[in-house]
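Read off the chains here:
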Protein chains: 2
Amino acid sequence: MSESARAGAAATTTTADALRRFTRDVFVRAGMSDVDAATVADVLVWADLRGVDSHGVSRISMYLRLIDDGDLNLRPAIKIGTETAASVLVDADRAAGPIAMTMAMGAAVRKARDAGVGLALVRATTHTAALGYYTLMAAQEGMAAIALAASGPFMAYHGTRVAGVSTNPISIAVPGGERGPVVLDMSTGVVARGKLVQARKIGQPIPPGWALDRNGNPTTDPQEALIPLPLGGPKGSGLSLMIELITSLVVSNPIIAGALEGAADGNRHRQNGLALAINLRRFGEPEAFRAEVDRLITALKALPHAAGGGEVLMPGERGSRTLAERTRDGIPLPRAIVEELRGVAARFSVTMFPSAL
Amino acid sequence: MSESARAGAAATTTTADALRRFTRDVFVRAGMSDVDAATVADVLVWADLRGVDSHGVSRISMYLRLIDDGDLNLRPAIKIGTETAASVLVDADRAAGPIAMTMAMGAAVRKARDAGVGLALVRATTHTAALGYYTLMAAQEGMAAIALAASGPFMAYHGTRVAGVSTNPISIAVPGGERGPVVLDMSTGVVARGKLVQARKIGQPIPPGWALDRNGNPTTDPQEALIPLPLGGPKGSGLSLMIELITSLVVSNPIIAGALEGAADGNRHRQNGLALAINLRRFGEPEAFRAEVDRLITALKALPHAAGGGEVLMPGERGSRTLAERTRDGIPLPRAIVEELRGVAARFSVTMFPSAL
C-alpha cells in the first residue's frame, strides 16, 4: 500500500492519463504551448506515479503562483548560449523546470553520443521537479547520467542557526538489465521537507537532528520545526553549497548570495540546473554493463538483513514498485489536494479529472 | 594546533620537503620511476600538509604491501583505451592511484579547454589517496571539477548487517578569489574510518549510528566497532553504490560483486576512478565567477552561528589553514608512524627524514 493511502487521506483515486490531461489543460489555459504543457504534465504526474507526491500535481498551484508573480515565463525564448562538441548552455528565460531540464538532458545525451560525455548547464529556470525523471531519460537511452539543481536558501548551513542553503538535490541513474535501471534521487537535507509537513499535520514528534525552530534552536516539536538540517552536518550543507557553485555560479545566475544579503529581488523564485550524460558504449559493452548491474543487485540483496530490517532495497526500487502499483490501481490523491485542484479547474474552466473508482 | 599534535601523539615534526624526498626515495628503491615516485610523494605529503593524516605517509606501508602482493604495478603500461573530443578512458594497469588520477585529471582539463567539459575514466588503479588533490589541480587551472573513486566493500549497505559497499568518496572543487578555492572531499560514510581507529586507540565510546560490530549489531563500544555505517542510511549507501556503478561498471572492472560473491580474486585490492572538469571560461567570465565565490562565502560566514557553535567553515577551509600552519611549522607525525617509516627506511636503505625541531 502506498504512503499516502496508508495515511488514510486519499479522497480520490484517478488514472495517470486523466491527471496528465487535466494538468496539460490547466497549463494550456494558463497560456503555455501545447507541447510545453504536455511536458510539464508528464514530469509532474510521473512523480505522482512513483510516490513522490511532494513533486507531483500537488505542485500545480505553486506553478500557477509562479506564473502570477511573473517568475515562471509561459512563453520563454530559450536560447543556446554556448555550444561545443560536448556541452551546451541552455539559457532558459524562466521556462518551467520540466521544459528546461528535459531539453537539457536531451542535449546532453545527443552530445554524449559522439563525445562520450555530454554536459548541459541550465540558466534561469524554475522549480525543476523530480530530477530522477531526467536521469532516467538518459538511462533509457543506454547512458549513465547525473542531474543537479540549485535553488534558494531554506536549509541550515552547518554551524549556523538560519536558512543558508537549499536542500539542492542530486540524481544519478544507470541502465539496468532484468531488474531495470537504478536511479538515486536524493536531497542534501537530512529529511525531505514533505516529512516535516506530514509530521506537523499528524502532530507526531520528529527525531532530534531533523530541524531547527524559528529561533534556530534544535527541536523535536513538529509544530515548531521550520528549518531542515543538512544530511550529516557539514557533508550535506557542503554538497548543497558545491551544487550552487557548480551550477548557479558557472551560469552566472547566483541564487544564494542575493537572498542572504536581502537584495530586492533576492527572494524571487529561480533555479539553475546541470545535466550530464555518459555514453556507456564509448567505454565498454552496454550489454555486459547491464548484466553487471543485475549481478551487483543480486549480490547486495543476498546480504544478511539488519536486525529488525525489512528488505534490502536499491535506489529507486520503491518508486518503481509504486509506479507499477499506481499504473494498475490508479493514483490516490489526498482530499486537500483534490480540493485545491477543484479550485484550479474552476479558475481555468477546465474539466475536473474523473475519479477512477 | 593540529589534530594530531593535540592528541599528544606527535613524536617528530618534519618538513614537507624532507617527507617528500623520503617518500620518493622509498618508491624509487622499490622500483618505481623517478617521475612516478615524485607524484606519489607529492599526493601523499599534500594530505599530511592539509591534516588528512589518514591519507598521507601513513599509507606508505600499505602501498608497499600492495606492491609485495602484486596488486600495485611499479612499472605500469598505462594505455588510453578510448579517446573522443571530450573524454578518455585511462587503462591504468594497476598503477598507483596518484599516478593514474593526476594523469586522468590532467586529461580531463585538456579536453575541457575546447569541449567545455572533459571526462576521464580510470580503470584498474590502486588506492586513489585524497581526491581533493585532483579536483584542486583543475581549480588551479580555472576549472570546476568532480572526482569519484570506487573501492572494495567495508561499509554496511543500508538495511544489511555486513560490509556491502565502500565509503567511496566524492570531491568537488571550484576556483575562488581572495578567499581561495572551495574544495569538498567527503566519504559516503557517516564518519571517516580514521575516527573509528582513533576512538579505539583512546578507548572513547563512539556515538550511536557510527558503526556495527562483527555480528552486525549497532555498537557504541570503540573496541567492538568494525563496520562503519553509511551517511544518512540509504542516502550514503545509495551514493556509494552509484559511484561503483558509474565508475567501475562503466570501465568494465567491477569491484563489489566479486568481493561479495567470495570470488577467488574478489578481495584483491583495486580501485577505479572518475575525473570531470568543467571549463568556466566556456560558460561565463572566470573573474566574475571568482568574485561571486567570495561574495557567497562572505554571506554564509555572516550568518548567525548555531548555539555553542564556533566559526562557520567552508568545505576545505580547515585543510587550507592546516596547510599554512604545517608549511610554516612542519608536519607532526605520531610515534607509531615514525617507527613504521623507520622500518621502511631500513628495508630500502633510504636515509630517514630529519626531525625539523
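Residues numbered from 1 in each chain as written. Chains lettered and ligands numbered in written order. Predicted model: local features only at pLDDT ≥ 70, side-chain atom pairs only at ≥ 80, totals over all residues.

Trainee: Any chance you could explain the interface of chain A and chain B here in plain terms?
Mentor: Quoted interface sizes are often the accessible area lost when the parts come together. Facing 67 residues of chain A, the contacting portion of chain B comprises 67 residues. Among the secondary structure elements, those contributing two or more residues to the side of chain A that touches chain B are β3 (87-91), α5 (97-115), β4 (117-125), β8 (170-174), β9 (182-186), α8 (234-248), α9 (256-261) and α10 (286-301) of chain A. Counting residues per element, the side of chain A that touches chain B draws most heavily on α10(A), at 8 residues. Here the side of chain A that touches chain B is built from residues that sort into 45 nonpolar, 15 polar and 7 charged. (Contact = placed C-beta atoms within 7 Å. Helix = DSSP H or I, 4+ residues; strand = E, 2+ residues; numbered from the N terminus. Nonpolar A, V, L, I, M, F, W, Y, C, P; charged D, E, K, R; others polar.)

Trainee: Looking at this model, I keep getting lost on α5(A). Mind explaining?
Mentor: The α-helix advances 3.6 residues per turn, and as a result positions three or four apart in sequence lie on the same side. Taking 1.5 Å of rise per residue, 19 residues should cover 27 Å, and α5(A) covers 26 Å from first to last C-alpha, within 8% of that figure. In the segment just after α5(A), Gly116(A) is the residue with positive phi, at about 85°. (Expected span 1.5 Å × (residues − 1).)

Trainee: Teacher, can you tell me more about the environment of Asp68(B) here?
Mentor: Relative to the elements of secondary structure, Asp68(B) occurs in helix α4 (residues 60-68). As a C-alpha pair, Asp68(B) and Gly106(B) span 38 residues in sequence and 29 Å in three-dimensional space.

Trainee: What is the right way to read the domain arrangement of chain A from this model?
Mentor: Residues and elements named next belong to chain A. As assigned here, chain A comprises domain 1 (3-190 + 229-282 + 327-348) and domain 2 (191-228). Distance between the C-alpha centres of domain 1 and domain 2: 24 Å. Residue-level contacts link 11 residues of domain 1 with 11 residues of domain 2. Residues of the side of domain 1 that touches domain 2, tallied by class, amount to 6 nonpolar, 4 polar and 1 charged. (Domains from an automatic or database assignment.)

Trainee: Mind showing me how you'd approach the relation of the copies chain A and chain B here?
Mentor: Think of it as a corkscrew move, a rotation about one axis and a shift along it, taking one chain copy to the other. Once chain A has been moved 0.0 Å along the axis and rotated by 180°, it coincides with chain B to within an RMSD of 0.0 Å. The transformation just described matches what one would write down for a two-fold rotation axis. Both copies present the same face, since 100% of the interface residues in chain A are matched by interface residues at the equivalent positions in chain B. (Least-squares fit on C-alpha atoms with pLDDT ≥ 70 in both.)

Trainee: I tried to follow the pairing of strand β9 (residues 182-186) of chain B on my own but got confused; where do I start?
Mentor: Both faces of the sheet carry side chains from a regular strand, because those side chains alternate between them. Residue and element names in this part refer to chain B. β9 sits mainly inside the fold: 5 of its 5 residues count as buried. Where burial is concerned, the two faces of β9 agree: the one with Val-182, Leu-184 and Met-186 and the one with Val-183 and Asp-185 are both buried. The pairing of strand β8 (residues 170-174) with β9 spans 5 bridges and is antiparallel. By the bridge assignment for β9, Ser-171 is matched with Asp-185. (Buried ≥ 20, exposed ≤ 12 C-beta atoms within 10 Å, placed from the backbone. Pairing = 2+ DSSP bridges.)

Trainee: Can you walk me through the sheet that holds β8(A) in this structure?
Mentor: Hydrogen bonds along the backbone pair up the strands of a sheet, which may run parallel or antiparallel. Within the open sheet, the 7 strands sit side by side as β2-β3-β4-β13-β5-β8-β9 (chain A). Their pairing is mixed. Of all the strands in the sheet, just β2 (79-83) and β9 of chain A have a single pairing partner and so form its edges. Within this sheet the neighbouring strands show an average axis-to-axis angle of 10°, counted without direction. Where strand β5 (residues 143-150) of chain A meets strand β13 (residues 271-279) of chain A, 8 bridges bridge the pair, whose relative direction is antiparallel. Bridged to Ala144(A) within β13(A) is Ile278(A). Contacts between helix α8 (residues 234-249) of chain B and the sheet are confined to β5, β8 and β9 of chain A, with β9(A) contributing the most and set at about 135° to the helix. (Axes fitted to C-alpha atoms, helices over the stretch in contact; angles between N-to-C directions.)

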